[in-house]
Amino acid sequence: MHWQAIKKTPKSFRVTPHLLDYEETCAHFSWETIGRELNGLPGGKGLNIAHEAVDRHANTHLAHHPALRWLGPDGTVLEYTYTDLQQQSNRFANVLRQLGVGKGDTVFVFADRIPALYFAALGSLKNGSIFCPLFSAFGPEPVYQRLQRGHAKVLVTTTQIFQQKVEQLRERLPQLQHILLIDASDDLGEGHWSLPQKMMVASEDFTIEATDPEDPALLHFTSGTTGMPKGALHVHKAVFTHYATGKFVLDFHPDDIFWCTADPGWVTGMAYGIIAPLVAGITCIIDSEPFNAERWYKILEREQVSIWYTSPTAIRRLMRLDIQPRRLYDLRHLRAVHSVGEPLNPEAVIWGQDALGTAIHDNWWQTETGGIMIANYLAMEIRPGSMGRPLPGIQAAVIRRQKDHSLEVITEDNVEGELALQKGWPSMFRAYVDEDTRYRKCFVDQWYLTGDIVRRDGDGYFWFVGRADDIIKTAGHMVSPFEVESTLMAHPAVAEAGVIGKPDVLLGELVKAFVALKPGTVADDQLRLELIGFTRRRLGPAVAPREIEFQNQLPKNRAGKIMRRLLKDRELGMPEGDFSTMETENE
Ligand code: AMP
């Protein structure tokens, strides 16, 4: 089906967008200019994300401007101004310093979206430590993998989460020295501290560590297809991208109220749920609760959200309800809606126009890129189904990998190939922690290879086609089939497991496992339920398979590797192709 482009005219803008003419903005763009719009640390002591996000505003007319507005489960609203945020993050940084946690040490937070998470993130950055948030729905196994691979020295969490998911891992994590418990009123000894106690006695003043733009700042784990999660490391200079995309893509203006629905446990929730809006000096809404259509529409209305950043899965959930939100809710403040994380169906783009009063603007990026790289801009025509055009300052190409490992850049329009980005942009990941070979394999010549298959049309719009590897995207979350297979294999009844993403109208893909059982085991519904429960307890509900199918034997190649692609083709009723060349290069 052909979808009509959505044209923009100056009349369609309530506020003049920062990017009005794409070609002209690209022609005049330079990262040096972006750098000049930021501050840098006082006294020329380098660059620090938390200074750009908080302290520089706390010293201006924005000192008493709301920075974060937190919406609690029972109607509680807590508001923090830029000055409040400065003081709270200073206190947290002092807590770290007092514990002997310093530059380059890794601080993890494993918690729901509660204010302490935000203070810890900013305080860790001020201290020059590396901050790594964990998604609170993870089970113990993904948490262990990440804490261990990220060399966690400090973990900030709640007593309940600690007891349920971390305590059992402690012996396997000798590097983890300090547990800061958000809700403990007293220290518990042996490195288990009460965070409120420590915050209470810590000073509100803190001089930010001298940090170089290239010093590590943020760690985010992402999934591979053949190994355990990879820790993508970002540096303080990533703030250039956060700022530039806040300006040109999300289009922040001084009085905006911005709501990013992503959890900080995923890269979007960190870069755009915390950093980018604060760097822009606007007000950021944080909802403590999971998706709930009525609650969400009420938030848009009551908080007068003007810019909204959400995901295709959430939009599809809203679309299913078949209500006309603008008849029931006052959404007149909403001037832009953006979406990321998985393909956005063209009908969703159009639905936004009628239902929300603005088309939905899709954009593309990934953990490794650290910020939005391809986008639909407010002033530019939208081609429903397209991810848009590269951010000014970003060179994107469609490439083909050759057998001799060199690259061919495809110059023809509308030809499918792998999306590559010219390396060197500020928020490009600088390492996979302790996995240099894996990191170097992502680059060929001057290109970073994304692992996504796309095509580019004659006007430079990029269209997503699929992943080049077996990574699963479920509800916008990356899941490694390998991680799920390894967990299934830990069950005594399982001989072999192959895991795929099965297309799903709501989630994009759902995690489906094919399992071959050990001889003598009965394949019945009871065992199926047991395996689902087994994986949910270890991996958490966001990662565990939703469907399990028993098979006598799983298809394997000559090297004995389970052929997930073949399992998927069979699942989809597709013809079985030639799999002899099937390899995942990035792994
Ligand atoms: P993550 O690293 O978890 O943020 O996932 C990044 C991956 O999500 C990309 O490599 C894509 O496969 C997918 N993705 C992100 N944004 C989009 C989009 N707008 N359209 C299609 N796929 C997307």
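No experiment lies behind these values; they were computed from the predicted model shown. (Residues numbered from 1 in each chain as written. Predicted model: local features only at pLDDT ≥ 70, side-chain atom pairs only at ≥ 80, totals over all residues. Heavy atoms only, no water.)

Observations concerning the overall build of the protein
Just so we agree on the cut-off: Secondary structure counts use DSSP, requiring at least four H or I residues in a row for a helix and at least two E residues in a row for a strand, with both numbered from the N terminus. Here the term buried applies to any residue with accessible area under 20% of the maximum for its type, exposed to any over 50%, and partly exposed to those in between, with areas from a 1.4 Å probe on protein chains only. For accessible areas, the Shrake-Rupley method is used with a probe of radius 1.4 Å. Any residue's cover is judged against the shown protein chains and nothing else. For the purpose of charge, His is not counted, nor are the chain termini; Lys and Arg are scored as positive and Asp and Glu as negative. For charged residues, the charge sits on one atom: NZ in Lys, CZ in Arg, CG in Asp, CD in Glu.
Assigned secondary structure in the protein consists of 18 helices and 28 strands. The principal-axis extents of the C-alpha atoms in the protein amount to approximately 70 × 65 × 55 Å. With 587 residues in all, the protein has 61% of them scored as buried. Total accessible area computed for the protein in this model is approximately 23700 Å², and 48% of it derives from carbon and sulfur atoms. Once the 62 positive and 74 negative side-chain charges of the protein are each reduced to a mean point, those two points are 1 Å apart.

Looking at the site of the ligand
Quick reminder of the rule: In this text, near means that some heavy atom of the residue lies within 4 Å of the molecule or strand in question. Polar contacts, as used here, are pairs of N or O atoms within 3.5 Å; protein pairs need one atom able to donate a hydrogen and one able to accept it. Residues neighboring in sequence count only if both atoms are side-chain atoms. Residue polarity follows a fixed list, in which Ala, Val, Leu, Ile, Met, Phe, Trp, Tyr, Cys and Pro are nonpolar, Asp, Glu, Lys and Arg are charged, and the others, Gly among them, are polar.
Inspection of the region around the ligand gives 17 residues, with Asp362, Asn363, Gln366, Thr367 and Asp452 positioned closest. Gln366 is positioned such that a nitrogen or oxygen atom in its side chain is 2.8 Å from an oxygen atom of the ligand. Arg467 places a side-chain nitrogen or oxygen 3.1 Å from an oxygen atom of the ligand. Coverage of the ligand by the protein amounts to 96% of the 490 Å² it exposes when considered alone. Mapped by element, the contributors of at least two residues to the shell around the ligand are strand 14 (360–364) and strand 23 (462–467). Tallying contributions element by element places strand 14 first for the shell around the ligand, with three residues. Grouping the amino acids of the shell around the ligand by side-chain chemistry returns seven nonpolar, five polar and five charged.

Concerning the domain arrangement of the protein
Heads up, the condition is: What marks off one domain from the next here is an automatic or database domain assignment. Contacts are residue-level and defined by heavy atoms, with any inter-residue pair within 4.5 Å sufficient. A simple way to read buried area is as the amount of 1.4 Å-probe accessible surface that goes missing from two parts once joined, with both sides added. Only one rule defines a salt bridge in this text: a Lys or Arg side-chain nitrogen within 4 Å of an Asp or Glu carboxyl oxygen.
Split into domains, the protein comes out as domain 1 (10–24 + 31–456) and domain 2 (469–572). A straight line from the C-alpha centre of domain 1 to that of domain 2 covers 30 Å. Facing the 24 residues of domain 1 at the interface are 27 residues of domain 2. On the domain 1 side of the contact with domain 2, Ser223, Thr225 and Trp266 bury the most area, a combined 27% of that side's loss. Put simply, domain 1 and domain 2 have one salt bridge between them. Of the charged contacts in the structure, one is a salt bridge between Glu483 and Arg146, with a shortest N-O distance of 3.5 Å. Inspection of the domain 1/domain 2 interface yields eight residue pairs in polar contact (both at pLDDT 80 or more). Its residues assigned to classes, the side of domain 1 that touches domain 2 shows eight nonpolar, 10 polar and six charged.

Comments concerning the packing of helix 4 (residues 82–98) against helix 5 (residues 115–126)
Keep this limit in mind: Convention adopted: a line fitted to C-alpha atoms gives each axis, helices being fitted over their contacting stretch, and angles between N-to-C directions are expressed from 0 to 180 degrees. Any angle between 65 and 115 degrees counts as roughly perpendicular, while under 35 counts as roughly parallel, over 145 as roughly antiparallel, and the rest as oblique. Left-handed describes a crossing whose near helix is turned anticlockwise from the far helix through less than a right angle; right-handed describes the clockwise counterpart.
Put simply, helix 4 and helix 5 touch, their axes get as near as 7 Å, and they point 60 degrees apart. Comparing the axis directions of helix 4 and helix 5 gives the class oblique. Of the two possible hands of crossing, helix 4 and helix 5 adopt the one that is right-handed. Along its contact with helix 4, which presents Leu85, Gln86, Gln88, Ser89, Asn90, Phe92, Ala93 and Leu96, the element helix 5 presents Phe119, Ala120, Leu122, Gly123, Ser124 and Lys126. Of the residues assigned to the contact of helix 4 with helix 5, the class counts are seven nonpolar, six polar and one charged.

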